[in-house]
Amino acid sequence: MIAQLLPTYSRAPLSFVKGEGSWLIEADGRRFLDLGAGIAVNALGHANPALVEALTDQAQRLWHTSNLYQVPQQQALAEKLVDATFADTVFFTNSGTEACELAVKMARKYFYDKGQSERVEIITFSGSFHGRSSAGIAAAGSEKMTKGFGPLLPGFVHLHWGDHDALAPAITGKTAALLIEPVQGEGGIVPLPDQCLKGLRDLCDEKGILLILDEVQCGVGRTGRLFAHEWAGVDPDIMMVAKGIGGGFPLGAVLATEKAASGMTAGTHGSTYGGNPLGCAVGNKVMDIVSDPAFLAEVNRKAGLFRQRLEALVAEHPDVFDHVRGTGLMLGLKCKAANLDVVDAGYANAVITVPAADNVIRILPPLTITDDEIAEAVIRLGAAAASLKTPSASSG
Ligand SMILES: Cc1ncc(COP(=O)(O)O)c(C=O)c1O
């Protein structure tokens with residue numbers, strides 16, 4: 001008999017009932033150090049008092065009206081995002097997947113309105129993840145996500161990540177945009193080198209196509225800048241945001257330049273809940289905190305510390321771990337042992353990590369993690385690694 005919950009997840013046998021900063025408390029009372037943050041969502045930790053206050057204040061006044069009316073919390077958050085980024089305009093969604101939908105529509109509509117309706121193709125890259133909608137899975141294109149769900153939304157051209165030579169010839173008179181994550185998350189924490197992002201920007205300019213960045217996982221302070229592309233010193237035309245921006249409340253956004261968004265006139269797109277007052281009340285508070293240069297400097301300092309400790313951990317357990325990769329507090333441990341076993345061993349030692357492709361475990365803690373918690377995290381990961389060693393390996 002099918003489970004009452006559609007069984008699309010293989011869930012761990014853990015049931016959390018409370019969160020406090022970097023900690024999750026299980027129904028049986030055990031305290032887990034959370035290095036997953038709901039897959040890069042709880043950027044400011046669990047039950048952050050400033051976010052709880054913003055949400056409960058709003059909840060006592062007004063939950064929902066409609067995008068038929070002005071939503072002041074949306075306007076305020078859009079202004080903050082526009083002031084802090086390349087963008088001239090913002091549309092709010094409830095998730096990263098919905099941000100992907102709009103990014104694709106926006107790019108196509110831009111060219112349609114320019115009289116180039118043949119420009120519909122979006123170039124994407126292997127290992128990417130852009131959500132689970134029909135556009136999202138067609139964009140990523142992996143067999144794992146698309147098998148059985150055809151016919152797939154047409155108009156996506158898939159290139160191999162890192163295949164520089166394939167790029168220029170793939171851009172044709174049908175190309176509208178190039179869509180890429182500055183740091184692949186689900187793909188196994190794979191940062192795009194700054195010079196490659198610069199090269200992609202130049203190529204898009206040269207060919208007259210749009211650059212769409214998916215910063216759903218790597219954005220909102222995660223890499224130590226407000227958005228990851230800032231490290232490369234280049235701007236996209238369209239950017240997808242979600243996860244961290246809501247700090248745990250479902251909120252996403254598409255940020256765009258005036259030019260790229262020019263086709264999105266009244267009636268061309270919408271969302272019942274997108275930019276709901278509750279989500280935007282939290283989003284405003286998240287932005288106030290994360291966009292503070294002092295906060296981002298702390299993220300960078302802690303990222304350096306964490307990385308150093310993880311390098312030492314890898315050196316101590318060379319049979320379990322291969323290397324550390326990533327940027328800021330978006331770190332990955334490439335494993336030699338099966339990554340799912342490492343995640344399970346973490347659970348047994350009350351530390352939470354998230355598996356990713358390429359046999360990696362992801363370390364995406366709340367950006368508010370403390371130095372002591374970083375030290376404790378590495379102790380627990382060490383205990384998890386030690387528990388995985390075979391008796392002969394540990395004795396020899
Ligand atoms: C890079 C990236 N894009 C898009 C998505 C989809 O976001 P959501 O799950 O909020 O729909 C994710 C989710 O993991 C993601 O990591």
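Data block above holds the structure.
In this report, we go over the structure that sits alongside the text.

For the coordinates displayed, the defined rule picks out 15 salt bridges. The salt bridge involving Arg201 is made with Asp237; its shortest N-O contact spans 3.0 Å. With Arg201 in helix 8 (residues 194–207) and Asp237 in the loop between strand 10 (210–214) and strand 11 (238–241), the pair connects residues that are 36 residues apart, well separated along the chain. For Arg201, a relative accessible area of 9% puts it in the buried group. The residue Arg225 makes a salt bridge to Glu230 at a minimum N-O spacing of 3.6 Å. For Glu230, a relative accessible area of 23% corresponds to the partly exposed category. Here the salt bridges share partners, and the residues they tie into one network are Lys18, Glu20 and Arg31.

A few words now on the sheet that holds strand 3 (residues 31–34). Sheet architecture is open: 4 strands sit in the order 1-2-3-15, paired in mixed fashion. The outermost strands of the open sheet, each flanked by one partner alone, are strand 1 (16–20) and strand 15 (351–352). Helix 12 (residues 371–388) rests against strand 2 (23–26), strand 3 and strand 15 of the sheet, and its axis sits at about 105° to strand 3.

Scanning all chains against the criterion turns up 2 aromatic pairs. Between Phe16 and Phe32 the ring centres are 5.4 Å apart and the planes differ by 80°, which places this aromatic pair in the edge-to-face class. On the criterion of sequence distance, the pair formed by Phe16 in strand 1 and Phe32 in strand 3 is long-range, its members being 16 residues apart. Ring centres of Tyr110 and Phe111 lie 4.8 Å apart, and the angle between their planes is 75°; this geometry places the pair in the edge-to-face category. A single burial state applies to Tyr110 and to Phe111, both of which are buried. Arg108 extends its terminal NZ or CZ atom over the ring of Phe156, reaching a point 5.5 Å from the ring centre.

Attention shifts here to the nonpolar core. Core analysis: the largest hydrophobic core is formed by 62 residues, its most contacted members being Phe306, Leu310 and Phe321. In terms of residue count, helix 10 (residues 293–316) provides more of this core than any other element does, 9 residues in total.

On to the pairing of strand 7 (residues 175–180), then. Within strand 7, 6 of the 6 residues are buried, which leaves it mostly tucked inside the rest of the structure. Bridging between strand 7 and strand 10 involves 4 bridges; their strand directions are parallel. In the sheet register, Ile180 faces strand 10, and the bridge partner there is Leu213.

By secondary structure assignment, the location of Thr353 is in the loop between strand 15 and strand 16 (354–356). Setting aside anything within four residues of it in sequence, one finds Thr353 in contact with Leu35, Val343, Tyr347, Ile361, Arg362, Ile363 and Leu381.

So, how was this worked out
Residues numbered from 1 in each chain as written. Predicted model: local features only at pLDDT ≥ 70, side-chain atom pairs only at ≥ 80, totals over all residues. Heavy atoms only, no water. Salt bridge = Lys/Arg side-chain N within 4 Å of Asp/Glu carboxyl O. Helix = DSSP H or I, 4+ residues; strand = E, 2+ residues; numbered from the N terminus. Buried < 20%, exposed > 50% of the residue type's maximum accessible area, 1.4 Å probe, protein only. Pairing = 2+ DSSP bridges. Contact = heavy atoms within 4.5 Å. Axes fitted to C-alpha atoms, helices over the stretch in contact; angles between N-to-C directions. Phe/Tyr/Trp six-rings, centres within 6.5 Å; stacked < 30°, edge-to-face > 60°. Lys NZ or Arg CZ within 6 Å of the ring centre and 35° of its normal. Core = buried A, V, L, I, M, F, W, Y, C linked by side-chain atoms within 4.5 Å.

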